[in-house]
Amino acid sequence: MSNKTLKYLVATVIIMLLVFQVGTLVANFFGMAWGAGSAVVVMAVSFFSALSARSGGKNSFWFLLPALLFIVLPISFKIWKLMSEDLSWFDRGIRFAPFLLGFGAPVILLLVVYYELRKRNIDD
């Protein structure tokens, strides 16, 4: 596969993870209709930021900013929710681990791969 194809695949997976996680958090907090609406908003913002990043040359700011925003907000919300419960630190860690391993770490690793692939395409 070419670097361009890999870059598009990585960007698609990042957007899918973001849509799922933000939609799930909002649906749990406000209900299913709000969750579906927020998933559409996340997908639209991610799509338009990817288009802006494509035209930005070396500047990946327009892709990375919304992605980081949609990563930081769910992680912050999850941490705030865990801190407000009366649990031991071990229990908090156990309850946070699936979220971190299933969402936070994969998205951050995919962003690193996307950034490196983007640099390769610009350098070529």
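You'll find the structure just up there.
Note that the coordinates shown come from a computational prediction; the quantities given were computed from them, not determined experimentally.

## Re the side chain of Gln21
- By secondary structure assignment, the location of Gln21 is in helix α1 (residues 3–30).
- Residue Gln21 is classed as buried on the basis of its relative accessible area, which comes to 10%.
- Gln21 has contacts with Pro74, Phe99 and Phe103, leaving out every residue within four places of it along the chain.

## Observations concerning the packing of aromatic side chains
- Evaluation of the coordinates by the stated rule reveals two aromatic pairs.
- Arranged with centres 5.5 Å apart and planes meeting at 40 degrees, the rings of Phe99 and Phe103 form a pair that is tilted. Of this pair, Phe99 and Phe103 are both found in helix α4 (residues 89–123), four residues apart, which corresponds to roughly one turn of the helix.
- Phe99 gets classed as buried once you look at its relative accessible area, which sits at 9%.
- The exposure class assigned to Phe103 is buried, which follows from its relative accessible area of 1%.
- Through a chain of ring-to-ring contacts, the aromatic side chains of Phe96, Phe99 and Phe103 assemble into a single cluster.

## As for α1
- Helix length check: α1 (28 residues) gives 40 Å between terminal C-alpha atoms against 40 Å at 1.5 Å per residue, within 8%.
- Downstream of α1 by a residue or two, Gly31 has a phi angle that is positive, lying close to 125 degrees.

What counts as what
- Residues numbered from 1 in each chain as written.
- Predicted model: local features only at pLDDT ≥ 70, side-chain atom pairs only at ≥ 80, totals over all residues.
- Heavy atoms only, no water.
- Helix = DSSP H or I, 4+ residues; strand = E, 2+ residues; numbered from the N terminus.
- Buried < 20%, exposed > 50% of the residue type's maximum accessible area, 1.4 Å probe, protein only.
- Contact = heavy atoms within 4.5 Å.
- Phe/Tyr/Trp six-rings, centres within 6.5 Å; stacked < 30°, edge-to-face > 60°.
- Expected span 1.5 Å × (residues − 1).

Any functional reading would require information that these geometric values do not contain.
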